[in-house]
Amino acid sequence: MEIRTLRYFLAVAREENMSRAAEILHVTQPTLSKQLKSLEEELGKKLFTRHSFSIKLTEEGILLRSRAEDLVSMADKIEQEFVSLDDISGGNLYLGLAESYQLRFLARAIKTFKESYPNLHYHITSGDTEQLSEKTEKGLLDFVVLVEQPDIRKYEYIEFPQADTWGLIIPENDPLAKKESIRLDDLIGLPLFCSDQAWNGDIKKWAGSRFSELQLEGSFRLSYNGSIFTMEGLGYLLTYDHLIDTSKNNGLAFRPLSPKLENKIYFAWNRYQAFTPIAERFLSHLKVLVL
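Small disclaimer: the values here were computed from a predicted structure and weren't measured.

1. Details of the packing of aromatic side chains
Here is step 1 of the chain: Going through the model one piece at a time under the given rule, you end up with 16 aromatic pairs.
Here is step 2 of the chain: Between Phe 113 and Phe 282, the aromatic rings sit 5.3 Å apart at their centres with planes inclined by 75°, giving edge-to-face as the arrangement. One end of the pair, Phe 113, is in helix 5 (residues 103-116); the other, Phe 282, is in helix 10 (residues 277-290), and 169 residues separate them in sequence. Here Phe 113 matches Phe 282 in class, with each residue buried.
Here is step 3 of the chain: Following the ring pairs from residue to residue traces out a cluster consisting of Phe 113, Tyr 117, Phe 143, Phe 267, Trp 269, Phe 275 and Phe 282.
Here is step 4 of the chain: Arg 104 extends its terminal NZ or CZ atom over the ring of Phe 105, reaching a point 4.6 Å from the ring centre.

2. Quick notes on a nonpolar patch on the surface
Here is step 1 of the chain: On the surface, a cluster of nonpolar side chains totalling about 390 Å² of accessible area is made up of Tyr 224, Ile 228, Phe 229 and Leu 234.
Here is step 2 of the chain: Note that Ile 228 resides in helix 9 (residues 223-231).

3. Structural notes on the nonpolar core
Here is step 1 of the chain: Counting residues in each nonpolar core, the largest one holds 48 residues, and the members touching the most others are Leu 187, Ile 203, Leu 238 and Phe 267.
Here is step 2 of the chain: Those residues in contact with Leu 238, other than ones at most four positions away along the chain, are Trp 166, Gly 167, Leu 168, Leu 187, Leu 192, Phe 193, Cys 194, Trp 199, Ile 203 and Leu 257.
Here is step 3 of the chain: Grouped together as the second largest cluster of nonpolar side chains are 18 residues, Leu 6, Met 18, Leu 36 and Ala 68 included.

4. Re the packing of helix 5 against helix 10
Here is step 1 of the chain: The geometry of helix 5 relative to helix 10 is characterised by a closest axis approach of 10 Å and an angle of 120° between their N-to-C directions. Between helix 5 and helix 10, the crossing angle belongs to the class labelled oblique. Here helix 5 and helix 10 pass one another in a crossing that is right-handed. Counting all contacts with helix 5, which are made through Leu 106, Ala 109, Ile 110, Thr 112 and Phe 113, the residues of helix 10 involved are Ile 278, Arg 281, Phe 282, His 285, Leu 286 and Leu 289.
Here is step 2 of the chain: Per-class residue counts for the contact of helix 5 with helix 10 are eight nonpolar, two polar and one charged.

5. Focus on the pairing of strand 7 (residues 191-194)
Here is step 1 of the chain: Note that strand 7 and strand 8 (residues 215-219) share four bridges and pair parallel. Along strand 8, the bridge assignment pairs Phe 193 with Gly 218.
Here is step 2 of the chain: Tracing the backbone out of strand 7, into helix 8 (residues 196-207) and back to the parallel element strand 8 gives a crossover that is right-handed.
Here is step 3 of the chain: The sheet contact formed by strand 7 and strand 9 (residues 236-240) spans two bridges and is parallel. Bridge assignment links Phe 193 to a residue of strand 9, and that residue is Leu 237.

6. Digging into the packing of helix 2 (residues 18-25) against helix 3 (residues 29-43)
For any two helices packed against each other, one specifies the crossing angle of their axes together with the interaxial distance.
Here is step 1 of the chain: Two numbers describe how helix 2 lies on helix 3: the axes approach to 9 Å, and their chain directions differ by 105°. By the criterion of interaxial angle, the relationship of helix 2 to helix 3 is roughly perpendicular. Contact residues: Met 18, Ser 19, Ala 21, Ala 22 and Leu 25 in helix 2; Gln 29, Leu 32, Ser 33 and Leu 36 in helix 3.
Here is step 2 of the chain: For the contact of helix 2 with helix 3, the residue count by class is six nonpolar, three polar and no charged.

7. Quick notes on helix 10
Spacing of three or four residues puts side chains on the same side of an α-helix, whose turn is 3.6 residues.
Here is step 1 of the chain: With 14 residues, helix 10 extends 20 Å from end C-alpha to end C-alpha; this agrees with the ideal 20 Å at 1.5 Å per step.
Here is step 2 of the chain: Every buried residue of helix 10 is listed here: Ile 278, Ala 279, Phe 282, Leu 283 and Leu 286. Projected onto a plane normal to the axis of helix 10, the buried residues spread over an arc of 135° and lie on a single side.
Here is step 3 of the chain: Packing partners of the buried residues in helix 10 comprise strand 3 (90-97), helix 5, strand 4 (119-126), strand 5 (143-146), strand 6 (155-171) and strand 11 (262-270).

8. Quick word on the pattern of salt bridges
Here is step 1 of the chain: Summed over the entire model, instances satisfying the criterion amount to 15 salt bridges.
Here is step 2 of the chain: Note that Glu 2 and Arg 4 form a salt bridge whose closest N and O atoms lie 3.5 Å from each other.
Here is step 3 of the chain: Looking at Glu 2, the relative accessible area reads 46%, which means it is partly exposed.
Here is step 4 of the chain: Judged by its relative accessible area of 46%, Arg 4 is partly exposed.
Here is step 5 of the chain: A single network of salt bridges, built from pairs that share partners, joins Arg 14, Glu 15 and Arg 20.

9. What about the side chain of Asp 186?
Here is step 1 of the chain: Relative to the helices and strands, Asp 186 is located in helix 7 (residues 184-187).
Here is step 2 of the chain: There is a polar contact of 2.9 Å between the side chain of Asp 186 and the backbone nitrogen of Arg 183.
Here is step 3 of the chain: Residue contacts for Asp 186: discarding those within four places in its chain leaves Leu 176, Lys 179 and Ser 181.

10. Overview of the pairing of strand 4
Regular strands place their side chains on alternate faces of the sheet.
Here is step 1 of the chain: Bridge analysis of strand 3 against strand 4 gives eight bridges, and the strand direction is parallel. Counterpart to Leu 95 in the pairing with strand 4 is Ile 124.

Conventions and cut-offs
Residues numbered from 1 in each chain as written. Predicted model: local features only at pLDDT ≥ 70, side-chain atom pairs only at ≥ 80, totals over all residues. Heavy atoms only, no water. Phe/Tyr/Trp six-rings, centres within 6.5 Å; stacked < 30°, edge-to-face > 60°. Helix = DSSP H or I, 4+ residues; strand = E, 2+ residues; numbered from the N terminus. Buried < 20%, exposed > 50% of the residue type's maximum accessible area, 1.4 Å probe, protein only. Lys NZ or Arg CZ within 6 Å of the ring centre and 35° of its normal. Patch = residues over 30% accessible without salt bridge, like charges linked within 9 Å, V, L, I, M, F, W, Y side chains within 5 Å. Areas by Shrake-Rupley, 256 points an atom, 1.4 Å probe, with all protein chains shown as cover. Salt bridge = Lys/Arg side-chain N within 4 Å of Asp/Glu carboxyl O. Core = buried A, V, L, I, M, F, W, Y, C linked by side-chain atoms within 4.5 Å. Contact = heavy atoms within 4.5 Å. Axes fitted to C-alpha atoms, helices over the stretch in contact; angles between N-to-C directions. Parallel < 35°, antiparallel > 145°, perpendicular 65-115°, else oblique. Left-handed = near helix turned anticlockwise from the far one by under 90°. Nonpolar A, V, L, I, M, F, W, Y, C, P; charged D, E, K, R; others polar. Pairing = 2+ DSSP bridges. Right-handed = clockwise from strand over helix to strand, strands pointing away. Expected span 1.5 Å × (residues − 1). Arc of directions from axis to C-beta. Polar contact = N/O pair within 3.5 Å; in protein donor to acceptor, adjacent residues only side chain to side chain.

Have a look at this one:
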């Protein structure tokens, strides 16, 4: 199985049309069809269902697409790493980031680092701990920012200097906005928004034996999306402070949970990572700024 063939497969899966995919790939349609047929024969599975004017993935094709995306990304990353070996002025960094206002420390580090390495290019993937850890372990990310203390058997890490505070995003005209803090009793019976990871982790621990009394209305990986639903009166968002604009007359307010619930944030990397020169230099740069 060749990377080129997987690129062909992904193009057809994306376009759902053989002619358009062939045009994008700059190959003839018969050549493309032959490559895909060979791939199906090699795997012993039908990957596409062909219709009059479109092509759809089978269940086996959907599985291959997720694997092929990782393999092609890895191949691209390896190629870029070797190109960057001779480029002392830059290279590529792949970063996986959880949501936190402390990312400003990382942004400042990148900004000052680019002064010395102007050809630095950084690629950002957002997600929760499970998603980012999986990509890091596959070698698709150089560094990852996590909201759970990393497993020291797998990772080395730097702890960010501050902590993120949990609280409730509330419409500013809601009676709860008059409170200085939000207690568990205030949340009982409310339709709540939260990430699945936090709901079954931090919030569950905080609520203790009364966790079953809380009602999860919907889950969001991105706090901003949850704040839109809160603004429209569908529920209340549990999230970190500083992630949502709650300035005066913006329509929303933030109130911290009581008792206080906080998370530390960690900048982590695979313990057995083979760094590119630019990644190694960036890590040294960050350690000087944070430690």
